[in-house]
Amino acid sequence: MKTILTIGAALIATALLPLPANSHEQHAHESYSAGEPGNPKQPSRTIEVEMSEMAYTPSRIEVKRGEQIRFVIRNAGKEDHEFLLATTQENLKHAEAMKKNPHMEHDDPNGVRLAPAKSAEILWKFTHAGTFEYSCLIPDHRDYGMIGKILVK
């Protein structure tokens, strides 16, 4: 009987544990198309990215496969903007979800939403070669050209 009670208590305790954090699209990320979150103990190159109304500066970045980048992102605009690093296809899919929920919160390590005059950092290691993008998925911003490209060689 003691064993049954112990097993029952363990099952109840397990059921009460918090679930893994999911992104706003209700799925956990095991991997990312453009690489992985960086390691703060490893060296990185810093790239500053400024967001303003419907533009990023710079709008094109080249990195080497395996390189770790510390993006320092500043919103110099007059409205909220986002920086979301992914493939074009992923960002287009995400943009559709954003149209249904424009105030959706982000908790992904490859993106950030910033109010005017705010800044943030994203540490990212590019483990895959290819062309990726960073874009603002607030409704209409991407459509008006708020897209940057990253070429990973």
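Caption draft 1: Structural detail: the environment of W124. Turning to its location among the elements, W124 is positioned in strand β8 (residues 119-125). Considering only alpha carbons, one finds W124 and E67, 57 residues apart in sequence, at a separation of 8.4 Å. Within polar-contact distance, the side chain of W124 engages the backbone oxygen of A34 at 3.3 Å.

Caption draft 2: Structural view of the packing of aromatic side chains. Under the criterion given, the structure shown has six aromatic pairs. For the pair Y56 and Y134, a centre-to-centre distance of 4.9 Å together with 80° between the ring planes defines the contact as edge-to-face. With Y56 in strand β3 (residues 55-57) and Y134 in strand β9 (residues 130-135), this pair connects stretches of sequence that are 78 residues apart. An angle of 20° between the planes, with centres 4.9 Å apart, marks the rings of F83 and Y134 as stacked. You can see F83 sitting in strand β6 (residues 81-86) and its partner Y134 sitting in strand β9, a full 51 residues away along the chain. Both residues of the pair, F83 and Y134, count as buried. Ring pairs connect the aromatic residues Y56, F71, F83, F126 and Y134, which therefore count as one cluster.

Caption draft 3: Spatial organisation of the sheet that holds strand β7 (residues 111-114). Strand order in the open sheet formed by five strands is β4-β10-β9-β6-β7, and the pairing between neighbours is mixed. Looking along the sheet, the strands with just one partner apiece sit at the ends: β4 (60-63) and β7. Adjacent strand axes in the sheet meet at a mean angle of 15° when their direction is disregarded. Sitting on the sheet, helix α2 (residues 88-100) is in contact with β6, β7, β9 and β10 (147-152), with an inclination near 140° to β6.

Caption draft 4: Quick look at the sheet that holds β3. Strands sit in the order β1-β8-β5-β2-β3 across an open sheet of five strands; the sheet is mixed. One side of each edge strand has no neighbouring strand; the edge strands of this open sheet are β1 (36-37) and β3. Sheet analysis places strand β2 (residues 45-52) next to β3, joined by three bridges and oriented antiparallel. Pairing of M51 across the sheet is with Y56, part of β3.

Caption draft 5: Just the pairing of β2, in detail. When β2 meets strand β5 (residues 68-75), the two strands line up parallel, connected through seven bridges. Note on β5: the bridge partner recorded for V49 is I73. The hairpin turn running from β2 into β3, its antiparallel successor, is two residues long, and M54 in that turn takes a positive phi close to 60°.

Caption draft 6: Up close: the side chain of Q68. Position of Q68 relative to the elements: it lies in strand β5. At a separation of 3.1 Å, a polar atom in the side chain of Q68 contacts the main-chain carbonyl oxygen of Q42. With sequence-adjacent residues up to four places away left out, Q68 is seen in contact with G38, N39, Q42, P43, S44, R45, L123, W124 and K125.

Caption draft 7: Highlighting the pattern of salt bridges. Counted by the stated rule, this structure contains ten salt bridges. Between E62 and K153 there is a salt bridge whose closest N-O contact spans 3.2 Å. Placement of the pair is E62 in strand β4 and K153 in the segment after β10, with a sequence separation of 91 residues. Classification of K153 as exposed rests on a relative accessible area of 58%. Among the ionic contacts, a cluster of salt bridges with common partners joins R60, E62 and K153.

Reading the values: the criteria
Residue indices begin from 1 for each chain and proceed along its sequence in written order. This being a predicted model, a pLDDT of at least 70 is required before a residue's local features are given, and a value of 80 or more before pairs of side-chain atoms are given or counted; all residues contribute to the totals for chains, interfaces and linings. Only hydrogens and water are set aside when side-chain values are computed; all heavy atoms of the structure are taken into account. For helices the rule is a DSSP run of H or I covering at least 4 residues; for strands it is a run of E covering at least 2, with both sets numbered from the N terminus onward. Under the rule applied, a polar contact is a pair of N or O atoms within 3.5 Å (in protein, one hydrogen donor and one hydrogen acceptor; residues adjacent in sequence only if both atoms are side-chain atoms). Only Phe, Tyr and Trp rings are paired, with Trp represented by its six-membered ring, and only when their centres lie within 6.5 Å; those with planes under 30 degrees apart are stacked, over 60 edge-to-face, the remainder tilted. The classification of residues rests on relative accessible area computed with a 1.4 Å probe and restricted to protein chains. Under 20% of the type maximum is buried, over 50% is exposed, and intermediate values are partly exposed. Two strands qualify as a pair provided that DSSP identifies no fewer than 2 bridges between them. Orientation is described by lines fitted to C-alpha atoms, with helices fitted over the stretch in contact, and by angles between N-to-C directions that extend from 0 to 180 degrees. Throughout, a residue-residue contact means that at least one pair of heavy atoms, one from each residue, lies within 4.5 Å. Take a side-chain nitrogen of Lys or Arg and a carboxyl oxygen of Asp or Glu: if they are within 4 Å of each other, that pair is a salt bridge.

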